[in-house]
Amino acid sequence: MLFIPSICFSQNQRKIDSLEYEIVKFEAHKKELGASASKLLDTIKINLISTITTELFRSNPPEAMDGANELLVLSKEINYSWGISQGHTILGAIYDYKGDYKKAIAHYEKSLKIKREAKDELGTVDIYINIGVLYTKQYDYARALVHLYKALEIAKRLKDSYGIFGAYNNIGVLYKSQNKFDEAIKNYIKCLQLQTSMKDEYYISITYQNIGEAYLSLNNLEKALFYFEKGIYVAHKSQNKESEANNHDGLGKLFIEKGDYKKAYQNFEIALKRRQEIQDVLGEGYSYMHLADLYYKQGGLEKSLKSIKKALVILEGFGEIAAISHGYELMAKIYDRKGNYKLAYESNLHFQLLHDSIFNSERDKKLAEIQLQHSAKSIRDSLNSIQDKKDIIRREEARIAKNTTNYIYLVLSVILVFLIIVLVQRSKIETIKRQKALEQERNRISRNLHDDLGAQLSAVRMFLSSIKNQNDKNRIQETVDNSLGLLDSSIHELRNIMNDIHSSVLQEKGYLVATEILVNKINQLHLIEF
């Protein structure tokens, strides 16, 4: 299985030489500036030292540690928080590599505190993952899961793809450590899907190897073969030699299971070569141990013994107890078969001591699994509680939104009804005004007919009636003339009334002009304003 750390290390000697030359140039430039040189200028040197120490991480841990400590001192002198955090992160990685997990966690915790104070959430994702990995290595699965889920939650919120697949990968490793291979594969697949969408072949090769290891543990050799071969192809393409070596290691173990020792040897040799190329010392130790197992199965006791001794020199330096225990167990078997019972006894004694230590670790592991089950249940309950609260909030928001919509509709309806009422009332008022104007006009015409025309016609009648009793022609002629005058006046008055009712303009000049004249007349009466 392979953890995905937040920072990847591999040595490139040419790059290291170049960086060290840059530091020499920096020191010369700083000396030229003398007292005028700002302390903040040291951030350049700090960044260079940081890069060098990560390059030296595996090939030369003591030198890398010296560099990380120097980085810390310089950063503290100028209060450079990023440098202080980076120094603790690198020291955490070095102690992790050396197998001193408690010191590694202590340094990661210091780095995490700085990043949280600086509100560097993206940086906290990496540290949470690294701490989770360390707790997994110590079989403290409950704490490991808490830290990995914290990383996953923050990464999802920040849409940090690398953080998301890093968390999924290491959750998969955690389940594989408990022999829960199906759960491990589920998380590896989630990790792989995201990496594939990102087209990040460097990390895809690592995930292929992890999936292959899980299927190998399930004795599903065909699927394991498929993923190891894909891992080798992608690792070679992306020049990830470490992942290429790990996938070849997986293939070697697979071919041992198949009984094809020749292919197993070829893959172990390639893995060893790649690790030597990148100076992965710990990886070399495991390669030698795999070769020792293979030689023993083939009956090559001397070759196996030689490989074991090479492996133990390396593995004891890194405190890899399980691998060291296996080495001494294999060594005891070899000496027993060779008849060297004294060395067989001594080797077996070493094995028993280490085995007891592993037994205690396994017991702690079982206790940790029980604790994890309880912790996982607590986490699920917590997540369910959070989901329930989210559902309540969502329903309340929907209710408020619905009520708001209903209120808006109600207000709009009231406004619409009010406008309709106003328009209807205005229409009624206009109708009443028009009816009143018409009534007034009728009354005016009636008065004209009664008072003027009626009186004149009555007078004409009186004049004409008086003719009957008159014999004087002059008086009769005068009466007739007066009657004709009154008739002319009545006819004129009648025409005026008729014109008011039906103007001749309508016929002469048309509807629009006649209407305009009538409106103007009505406006003059001040009855209706048009």
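Residues numbered from 1 in each chain as written. Predicted model: local features only at pLDDT ≥ 70, side-chain atom pairs only at ≥ 80, totals over all residues. Heavy atoms only, no water.

Draft legend 1. Region of interest: the overall build of the protein. Along the protein, the regular secondary structure elements total 20 helices and 0 strands. Within the span of the protein, comprising 530 residues, buried residues form 42% of the whole. A separation of at least 24 residues holds for 58% of the contacts in the protein among residues at least 6 apart in sequence. (Helix = DSSP H or I, 4+ residues; strand = E, 2+ residues; numbered from the N terminus. Buried < 20%, exposed > 50% of the residue type's maximum accessible area, 1.4 Å probe, protein only. Contact = heavy atoms within 4.5 Å.)

Draft legend 2. Layout of the pattern of salt bridges. On inspection of all chains with the given rule, the structure shows 14 salt bridges. A salt bridge links Glu277 to Lys241; its shortest N-O distance comes to 3.1 Å. Taken together, the residues span a long stretch of sequence, with Glu277 in helix α13 (residues 261–277) and Lys241 in helix α12 (residues 241–258) at a distance of 36 residues. Exposure remark for Glu277: the relative accessible area of 36% places this residue in the partly exposed category. By relative accessible area, Lys241 is classed as partly exposed at 35%. (Salt bridge = Lys/Arg side-chain N within 4 Å of Asp/Glu carboxyl O.)

Draft legend 3. Here's a closer look at the confidence of the model for the protein. Across the protein, the average pLDDT comes to 81, with 80% of residues at or above 70. Mean pLDDT across the secondary structure elements of the protein bottoms out at helix α19 (residues 505–509), with 55, and peaks at helix α11 (residues 221–238), with 96. A low-confidence stretch, residues 1–11 stays under pLDDT 50, and its non-local contacts, those more than four residues away or across chains, total 44 contacts. (pLDDT = per-residue confidence, 0-100.)

Draft legend 4. Structural view of unusual backbone geometry. Phi angles above zero are rare outside glycine, and Lys119 is one such case at about 55°. With respect to the helices and strands, the residue Lys119 is situated in the loop between α5 (101–117) and α6 (121–137). Here the phi dihedral of Asn219 falls at roughly 65°; this positive angle occurs in a residue that is not glycine. Within the fold, Asn219 resides in the loop between α10 (201–217) and α11.

Draft legend 5. Geometry of the packing of α6 against helix α8 (residues 161–177). Interaxial distance between α6 and α8 falls to 10 Å at its minimum, and their mutual angle equals 5°. Classified by the angle their axes make, α6 and α8 are roughly parallel. On α8, the residues touching Val125, Ile129, Val133 and Thr136 of α6 are Gly163, Gly166, Ala167, Asn170, Leu174 and Ser177. Residue composition of the contact of α6 with α8, grouped by class: 5 nonpolar, 5 polar and no charged. (Axes fitted to C-alpha atoms, helices over the stretch in contact; angles between N-to-C directions. Parallel < 35°, antiparallel > 145°, perpendicular 65-115°, else oblique. Nonpolar A, V, L, I, M, F, W, Y, C, P; charged D, E, K, R; others polar.)

Draft legend 6. Inspection of a nonpolar patch on the surface at higher detail. A contiguous nonpolar surface patch, about 830 Å² in accessible area, is contributed by Tyr407, Ile408, Tyr409, Val411, Leu412, Ile415, Phe418 and Leu419. Turning to its location among the elements, Tyr409 is positioned in helix α17 (residues 341–466). Given a relative accessible area of 53%, Tyr409 falls into the exposed group. (Patch = residues over 30% accessible without salt bridge, like charges linked within 9 Å, V, L, I, M, F, W, Y side chains within 5 Å. Areas by Shrake-Rupley, 256 points an atom, 1.4 Å probe, with all protein chains shown as cover.)

Draft legend 7. Structural view of helix α3 (residues 61–77). A rise of 1.5 Å per residue sets the reference length of α3, with its 17 residues, at 24 Å; its end C-alpha atoms lie 24 Å apart and thus fit the reference within 8%. Turning to α3, its buried residues are Pro61, Ala64, Met65, Gly67, Ala68, Leu71, Leu72, Leu74 and Ser75. Considering only its buried residues, α3 is in contact with α2 (42–56) and α4 (81–98). The positive-phi residue at the C-terminal boundary of α3 is Asn79, with phi of around 55°. (Expected span 1.5 Å × (residues − 1).)

Draft legend 8. Here's a closer look at a negative patch on the surface. Together, Asp17, Glu20, Glu63 and Asp66 make up a negatively charged patch on the protein surface. Elements with a contribution of two residues or more to the negative patch: α1 (13–33) and α3. Along the chain, the position of Asp17 falls in helix α1. (Lys, Arg positive; Asp, Glu negative; His and termini not counted. Charge placed at Lys NZ, Arg CZ, Asp CG, Glu CD.)

Draft legend 9. Looking closely at the packing of aromatic side chains. Scanning all chains against the criterion turns up 10 aromatic pairs. In this structure an aromatic cluster arises from ring pairing among Tyr162, Phe165, Tyr202 and Tyr203. (Phe/Tyr/Trp six-rings, centres within 6.5 Å; stacked < 30°, edge-to-face > 60°.)

Draft legend 10. Spatial organisation of the packing of α12 against helix α14 (residues 281–298). Between α12 and α14, the shortest axis-to-axis distance is 11 Å and the interhelical angle comes to 15°. The angle between α12 and α14 places the two elements in the roughly parallel class. Where α12 crosses over α14, the two elements pack in a sense that is left-handed. On the side of α12, the interface is formed by Asp249, Lys253 and Ile256, while α14 contributes Ser287, His290, Leu294 and Lys297. (Left-handed = near helix turned anticlockwise from the far one by under 90°.)

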